[in-house]
Amino acid sequence: MVPHAGVVNTVCWWQSVAALTGADRVLFNTPLTFDPSLLELFGTLAHGATLVIGDPDGHRDPAGLARLLAAAGVTVAKFVPTVLRELLAEPQLPGATTLRLLFCGGEPLPADLAATCHATLGVPLHNLYGPTEAAIETASGPADPAGDPAVVPLGRPIWNTGVYVLDRHLRPVPPGTPGELYVSGPGVARGYLGAPGPTAAAFLPDPYAGPGARMYATGDLVRWDADGRLHYLRRRDDQLKVRGVRVEPGEVEAALRALPGLTDAAAVVRDDQLVAYVTGADARNLPAVRRRLRDRLPAALVPSQLVALPELPRLPNGKTDRRALTDRPLARPTASAYVAPRTALEEQLVGLWGEALGRTGIGVTDDFFALGGHSLVAARLVARVRAETGLELPVRVLFERPSVAEVAHYLGSAAVGGGHPVVAVPRTDDVVGLSPAQRRLWFLTRLSGVSGVYNIPMVLRVTGEVDVAALRAAVTDVVGRHEVLRTVVAESGGVPVGKVLPTADLTVDFRVAPEGVAADDWVAGLVGDGFELGAQLPIRVGLARDGDSWLLAVVVHHVAGDAWSMAPLARDVSVAYAARLAGAAPGWSPLPVQYADFVAWQEGHLKRVSGIQEAFWRRALAGAPAELVLPFDRPRPAVPTQRGAAVGFTVDAGVHRRVTEVARAGRASVFMVVQAVFAAVLSAWGAGDDVLLGTPVAGRPDEVLEDLVGFFVNTVVLRTDLSGDPSLTELVGRVRDVDLAAYDHQDLPFEDVVRVVNPPRALNRHPVFQVMIVAQDREEIEVELPGLVLTEQPHTSTTAKFDLNLHLRERYHPDGAAAGVHASLEYATDLFDHDTVTALADRITALLAAATAAPDTPLRGVLAAVAAAHA
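Read on for an overview of the structure.

Cut-offs used in this document
- Residues numbered from 1 in each chain as written.
- Predicted model: local features only at pLDDT ≥ 70, side-chain atom pairs only at ≥ 80, totals over all residues.
- Heavy atoms only, no water.
- Helix = DSSP H or I, 4+ residues; strand = E, 2+ residues; numbered from the N terminus.
- Buried < 20%, exposed > 50% of the residue type's maximum accessible area, 1.4 Å probe, protein only.
- Contact = heavy atoms within 4.5 Å.
- Areas by Shrake-Rupley, 256 points an atom, 1.4 Å probe, with all protein chains shown as cover.
- Core = buried A, V, L, I, M, F, W, Y, C linked by side-chain atoms within 4.5 Å.
- Axes fitted to C-alpha atoms, helices over the stretch in contact; angles between N-to-C directions.
- Parallel < 35°, antiparallel > 145°, perpendicular 65-115°, else oblique.
- Left-handed = near helix turned anticlockwise from the far one by under 90°.
- Nonpolar A, V, L, I, M, F, W, Y, C, P; charged D, E, K, R; others polar.
- Expected span 1.5 Å × (residues − 1).
- Salt bridge = Lys/Arg side-chain N within 4 Å of Asp/Glu carboxyl O.
- Pairing = 2+ DSSP bridges.

**Describing the overall build of the protein chain**
Part 1 of the reasoning: From N to C terminus, the protein chain includes 23 helices and 31 strands.
Part 2 of the reasoning: For the protein chain, the residues scored as buried account for 53% of the 871 residues in total.
Part 3 of the reasoning: Considering only contacts within the protein chain whose residues lie at least 6 apart along the sequence, 71% involve residues at least 24 apart.
Part 4 of the reasoning: Total accessible area computed for the protein chain in this model is approximately 37,300 Å², and 54% of it derives from carbon and sulfur atoms.

**Concerning the nonpolar core**
Part 1 of the reasoning: If you look at the biggest cluster of nonpolar residues, it comprises 105 residues, and the most contacted ones within it are W353, L682 and L847.
Part 2 of the reasoning: Per-element accounting of this core gives the leading share, 14 residues, to helix α19 (residues 670-687).
Part 3 of the reasoning: W442, A470, L485 and V559 belong to the second-largest nonpolar core, a separate cluster that totals 72 residues.

**Regarding the packing of α19 against helix α22 (residues 834-853)**
Part 1 of the reasoning: The N-to-C vectors of α19 and α22 enclose an angle of 125 degrees; their axes lie 9 Å apart at closest approach. Here α19 is positioned oblique relative to α22, judged by the angle of their axes. The chirality of how α19 crosses α22 is right-handed. Residue-level contacts link V673, V674, V677, F678, A680, V681 and W685 of α19 to T836, L840, R843, I844, L847, L848 and T852 of α22.
Part 2 of the reasoning: Split by residue class, the contact of α19 with α22 holds 11 nonpolar, 2 polar and 1 charged.

**As for helix α13 (residues 436-448)**
Part 1 of the reasoning: Between its first and last C-alpha atoms α13 spans 18 Å; for 13 residues at 1.5 Å apiece the expected length is 18 Å, and the two agree.
Part 2 of the reasoning: For α13, the complete set of buried residues consists of P436, A437, Q438, L441, W442, L444 and T445.
Part 3 of the reasoning: Each element contacted by the buried residues of α13 is listed here: β20 (487-492), β21 (495-500), β24 (549-557), α17 (595-620) and α21 (750-757).
Part 4 of the reasoning: Immediately beyond the C-terminal end of α13, within one or two residues, lies G449, with a positive phi of roughly 95 degrees.

**What about the pattern of salt bridges?**
Part 1 of the reasoning: Per the stated rule, a full pass over the model turns up 31 salt bridges.
Part 2 of the reasoning: The salt bridge involving D477 is made with R580; its shortest N-O contact spans 2.7 Å. Of this pair, D477 sits in helix α14 (residues 468-481) while R580 sits in helix α16 (residues 566-581), and the two are 103 residues apart along the sequence.
Part 3 of the reasoning: By relative accessible area, which is 15% here, D477 ends up buried.
Part 4 of the reasoning: Since its relative accessible area comes to 30%, R580 is described here as partly exposed.
Part 5 of the reasoning: The shortest N-O distance in the salt bridge between R734 and D721 comes to 3.8 Å. In this pair, R734 is assigned in helix α20 (residues 728-744) and D721 in strand β27 (residues 714-721), connecting sequence segments 13 residues apart.

**Observations concerning the sheet that holds strand β22 (residues 509-512)**
Part 1 of the reasoning: Across the sheet, which stays open at both edges, the 5 strands sit in the order β22-β23-β24-β19-β29 with mixed pairing between neighbours. Of all the strands in the sheet, just β22 and β29 (789-792) have a single pairing partner and so form its edges. For this sheet, the mean inter-axis angle between neighbouring strands, taken without regard to orientation, is 20 degrees.
Part 2 of the reasoning: Summarising the sheet, strand β19 (residues 455-463) and β24 pair through 9 bridges and their orientation is antiparallel. Across the sheet, the residue bridging to N455 is H557, located in β24.
Part 3 of the reasoning: Strands β22, β23 (539-546) and β24 of the sheet are contacted by α14, whose axis makes an angle of about 160 degrees with β22.

**Details of the environment of L863**
Part 1 of the reasoning: When you line up the elements, L863 lands in helix α23 (residues 859-869).
Part 2 of the reasoning: Counting along the chain gives 183 residues from L863 to A680, while the straight-line C-alpha distance between them is 8.3 Å.
Part 3 of the reasoning: In this structure L863 touches A680, A684 and L847, once residues within four positions along its chain are discounted.

Spelled out as structure tokens, the structure:
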């Protein structure tokens, strides 16, 4: 016995709800090419009723159809929902007082249409369902005008028809659970004539009937309710997807029809974008329609284009002709209105916006984050604003007021004084202080020994003949230019200090591979070798012949640089190499400050702010878990090997656009949305509701530091609260508030945060947090060596500083449109297997797609659906 394979004592579609009598006059308004016409024709004649033959194209003239109903005294009629909607809007319709019974079929019946029909005509309306392959009706039921669903239930199965709702393994699903609708019984066709392939795919053996019985797979997703009625959800095969995001056209159309001033709507996919066609008086004001629609729908369901039409095209049977819609030419998308700078400050800020984002044509009302900005770019922009205007712009203000106009208003109206600039400090000897971050790296090196864990590599493929002597001299020039690259770590009274080596007779570790060695292996060894910080300069360069080209590797120890340092380093090498080829020293201007000057500035700055920032971090991390517990494949070893690997994956452009829209709606950044999803996945993975992640901040508070090599980056802790089953929208709001507070207190070195919080320590795990998330904002490396062609080679890390480290790099088209996210999930091989981390990456991408498609849905349910899909 199959659940709800129901039986009702009826034979024809009208008898399922009321007996037809010889006194009835039934409208025959369906083209003979449309299979339901057989029911209207033969059913009416079989009961001695009168058949009123209308115009098969009557749906094109609702006024004429209303006149026919009245003139012929029609008592029973059947319409496609789109035709019924137009008919109900016809002023002449109330004259058709003889109607006593209406039926709808052929398309989903919206509940608002059923309610309008009941209010306008006051007669019973019945919903009919049935595919042509199951001859012809399968289920029917009354349309309750007071019902809750957005779409009227299909009703119950008719007599002598088996109806199954099955999962993908053809197992019955319980009431309330979505499944595919299958129809069996004598009314099911034998297949498609001359098409064995489609027949085999759609007409399957019926496992719940006798031998030889077959059932038809309708492709419709439905669910049973507790009363044994079928509810239509969507099509399985015709479900719309826009750039990987599932879109329910019925939901879009219903929201549009509910807007005052619109009479009808149809949603289709055109050129990988969602397009909606609308009719009605307000269709002339499409911007207003879009604004109102955003209040009703998630951003993923707001069409990219709205098109106004006098009426929707119809098929002969009255259904919307969607093919005719997709054949219509689309208007070229237009950019948002450009608003030029109106004041000198706005003009200055537009220039800074363009520099930070690498874009031109920015208007004063454009949204910083919609143009591709995120927290790291914001930090750099804030530093540039401070340097250029002398005014202090907190990062929080940029998130809350992300346009040039809003920032200009803030800077012009608020009391925002400038900060303390970084300036050169007089020297008495070659000993310089180390920053807190440098001291921590020195301590870790002393603790765990020399290794390549903190190496920062840049590997380039070089085509052409390299002048090795000129390149060696150029690298030496660059090391002489940046003091931090010629600084070794010495001890003075047990305290680490920097000792700057003089430029005279400077010897740089510049290696050329022997002939015949495998270039890739040789470079890997060069990259992986550790640095003895007390005896070696924190930079080495290697050159290896690889067939017709070379591999050039530049490796800097983290104590002397960070990812953002590689761009100015590459620029300086380019300038110096060109000069040495010409037989001259590089003619660059001296750097205004050195890294040691920043260290001195940082010491004074921390004296001013450390009290407030220490108090903040003590409160922010109170009661936080000491370790993020995850389902490790192996127990954490007592002594970590720090070996690692990585899993690369991508987020497609469609989901990236969705993430951007969610971020924009929440006045957040793309990074914050991804952080929220990553934390939710980790929580579901066993981490609990209190998830701590680390993330780097650029740490260059003054424009004067932009061209300097050095270890400026700091790490802040982002604490994510997942309690209470929030939706993505709610969680992004929480993440935004926590992140902005953290960025406001980013100056306190992470080493001091650890000291202040004083968490339980263990030598085999990172303190405070063990999982990192990084938005890669490293400036593009451009090395231009005369006569040579250089391309950056991807480098796969074989070390791991953390249990997990999620790297993100957003991509944008030249016009600013989101082009996808390249991601890499590094992991400690001490703890995880490759397959485990691959599955985790799959969950991240799946939840990004699912949660951003329904950002107001509680995440627990979305996570459960994602988990089921990946089981």
